[in-house]
Amino acid sequence: MTNSKYIYLDYAATTPMDPRVIEVVTKHFNETYGNASSLHTIGQIAHQVLEKSRETVALLINANNDDIYFTSSGTESDNLAIKGVALKNQDRGNHIITSAIEHHAVYNPCSNLEKKGFKVSFLPVDKFGIINLDDLEKAITDKTILISIMFANNEIGTIEPIKEIGEIAKKNDIIFHTDAVQAFGKVPIDVEVMNIDLLSASSHKLYGPKGVGMLYIRNQGNRKGWGKYIEPLLHGGGHEKKMRPSTENIPGIAGFAKACEIAKEEMVVEAEKLIKLRDKIINWAIENIEDTYLNGHPTKRLPNNLNLGFKYVEGESILLSLDMEGIGASTGSACSSTSLEASHVLLAIGLRPEEAHGSLRITLGKFTTEDEVNYFLEKLPPIIERLRKMSPLKKGVKYMFDDSDSAHNHH
Ligand code: PLP
């Protein structure tokens, strides 16, 4: 199976680069080799590319240029936001609020801080994966320094009520971080309207190069009553205003900026196309393959994400069978052949472990065509049928699903 024939339906894991981005990255690899901190002409050319890129990235979320800090990834941005706020504000408090469905790049720094004496509230979510705003308000104490709730979930695509969370954070004068790695460039984001203080994004999820990310930090240094509220994790030179020292990756950053520029122009039209394809798959699969259900919210979800549960089969078996047909999908969970643990996200929306193992995440992107979707829909039913025939769950242990009061039965 050659690359060009392969049907890639795993855009949430990473995206291929947009050819227009590759052009920009290549150009800068060739031409812009200077160190942006050097005072000579070659350095200053790199510096200009860096600052122009900052401006372009800022525009996508209505931020001030000065509040964009380039990093190496979404994971790094999440760590900087969470550990950075925790370490800097220990005199104010030691309590962090997050959700039970965060990506490990948020979940694990929070658990790590717990081991170091911080208190973390992991808010539950409803059957669609949405946090409850009353729960959030009730969780706040006078020791709460940070609320970190993801913009959109990477497994089930659910979009959280970010503006409302921002209002609650602002009213209580608590720093609000959102991991927007999956949402950035896919749905409109406005850090002003949504009262977001910290926002993580990653270039390789929106057709940019891998190994480039950014953290938006509102008003670092001038925040009323807080001053500087993030402690850097790296210590070195003066790059990125000492927030993230190390020589900037100019070709990568310029490519990331190009990806943001394209997203700003094309996001709305692309979303319309993707929603149609997404809903076509959802509706067709539920109608034509029995015992199939949607995980996540039917409408408050990313335009490109769908997560389907198939009773009596394992997501990984479906994934491997699809791969043999030249289709790349995901189970959407961190659970892999090396771990038998079910996805914490699917468990949090109320699925039983055996149900959580039967999920398939399909994520579409700008290069996805209707023909590809049709091919996928042609190949999927026989795979499910074959796996069910072999399934011990279907034959012997069916009772596990029968008196189920789990989430999908209420959908
Ligand atoms: N946060 C979310 C929601 C993600 O989906 C991902 C990547 O899968 C990350 C963080 C980590 O981003 P990166 O791969 O750039 O480290």
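Residues numbered from 1 in each chain as written. Predicted model: local features only at pLDDT ≥ 70, side-chain atom pairs only at ≥ 80, totals over all residues. Heavy atoms only, no water.

Observations regarding the overall build of the protein chain
Part 1 of the argument: Looking only at helices and strands, the protein chain features 13 helices and twelve strands.
Part 2 of the argument: Against the globule reference of 22 Å for 411 residues, the protein chain gives a C-alpha radius of gyration of 22 Å, in line with a compact fold.
Part 3 of the argument: Projected onto its principal axes, the C-alpha positions of the protein chain cover 70 × 50 × 35 Å.
Part 4 of the argument: Expressed as a percentage of the 411 residues in the protein chain, the buried residues total 57%.
Part 5 of the argument: Looking at the protein chain alone, contacts between residues at least 24 apart form 73% of all its contacts between residues at least 6 apart.
Part 6 of the argument: Averaging the positions of the 46 positive and the 54 negative side-chain charges in the protein chain gives two centres separated by 2 Å. (Helix = DSSP H or I, 4+ residues; strand = E, 2+ residues; numbered from the N terminus. Rg over C-alpha atoms; globule rule 2.2 N^0.38 Å. Buried < 20%, exposed > 50% of the residue type's maximum accessible area, 1.4 Å probe, protein only. Contact = heavy atoms within 4.5 Å. Lys, Arg positive; Asp, Glu negative; His and termini not counted. Charge placed at Lys NZ, Arg CZ, Asp CG, Glu CD.)

Side note on the site of the ligand
Part 1 of the argument: Around the ligand, the structure places 14 residues, and the nearest of them are T75, D179, Q182, S202 and K205.
Part 2 of the argument: S202 is positioned with one of its side-chain polar atoms (N or O) 2.5 Å from an oxygen atom of the ligand.
Part 3 of the argument: When the free accessible area of the ligand is taken as 390 Å², the share hidden by the protein chains comes to 87%.
Part 4 of the argument: In terms of residue count, the dominant contributor to the shell around the ligand is helix α3 (residues 74-88) (three residues).
Part 5 of the argument: For the shell around the ligand, the residue count by class is three nonpolar, eight polar and three charged. (Near = heavy atom within 4 Å. Polar contact = N/O pair within 3.5 Å; in protein donor to acceptor, adjacent residues only side chain to side chain. Areas by Shrake-Rupley, 256 points an atom, 1.4 Å probe, with all protein chains shown as cover. Nonpolar A, V, L, I, M, F, W, Y, C, P; charged D, E, K, R; others polar.)

Brief notes about the pairing of strand β3 (residues 95-99)
Part 1 of the argument: Summarising burial for β3: five of the five residues are buried, a large majority.
Part 2 of the argument: Burial along β3 is two-sided: the face carrying H95, I97 and S99 and the face carrying I96 and T98 are both buried.
Part 3 of the argument: Bridge count between β3 and strand β4 (residues 119-123): five bridges; the pairing is parallel. Among the inter-strand pairings, H95 is bridged to a residue of β4, identified as K119. (Pairing = 2+ DSSP bridges.)

Thoughts on the packing of helix α8 (residues 315-324) against helix α11 (residues 370-390)
Part 1 of the argument: Interhelical geometry of α8 versus α11 gives an angle of 130° and a closest axis separation of 10 Å. The angle between the axes of α8 and α11 places the two elements in the oblique class. As for the relative orientation of α8 and α11, their crossing is right-handed in sense. Between α8 and α11, the residues in contact are S317, I318, S321 and L322 and F376, L380, I383, I384, R386 and L387, respectively.
Part 2 of the argument: Looking at the contact of α8 with α11, its residues break down into seven nonpolar, two polar and one charged. (Axes fitted to C-alpha atoms, helices over the stretch in contact; angles between N-to-C directions. Parallel < 35°, antiparallel > 145°, perpendicular 65-115°, else oblique. Left-handed = near helix turned anticlockwise from the far one by under 90°.)

Focus on the sheet that holds strand β6 (residues 175-179)
Part 1 of the argument: Taken in spatial order, the seven strands line up as β2-β8-β7-β6-β5-β3-β4 in an open sheet, and their pairing is mixed. The sheet terminates laterally at β2 (68-71) and β4, the two strands that pair on one side only. Going across the sheet, the axis of each strand differs from the next one's by a mean of 20°, ignoring polarity.
Part 2 of the argument: Here β6 pairs with strand β7 (residues 198-202) via three bridges, running parallel. Within the sheet, the bridge partner assigned to D179 lies in β7 and is S200.

Re empty space enclosed by the protein
Part 1 of the argument: Taken as a whole, this structure holds two cavities of 30 Å³ or more when the rule is applied.
Part 2 of the argument: Every residue lining the largest cavity is counted, 15 residues in all, and those nearest its centre are G185, K186, Y207, M267 and E270.
Part 3 of the argument: Considered class by class, the residues forming the lining of the largest cavity number nine nonpolar, two polar and four charged.
Part 4 of the argument: Of the volumes computed, that of the second largest cavity is approximately 40 Å³.
Part 5 of the argument: If you trace the second largest cavity, you find it lined by E76, L80, L233, L234, M243 and R244.
Part 6 of the argument: Of the residues belonging to the lining of the second largest cavity, the class tally is four nonpolar, no polar and two charged. (1 Å grid on protein atoms, 1.4 Å probe; cavity = no way out; pocket = protein on both sides within 12 Å on 5 of 7 lines; lining within 4 Å. Points joined across faces, edges and corners; volume = space filled by probe spheres on them.)

Honestly, it's all geometry; don't read function into it.
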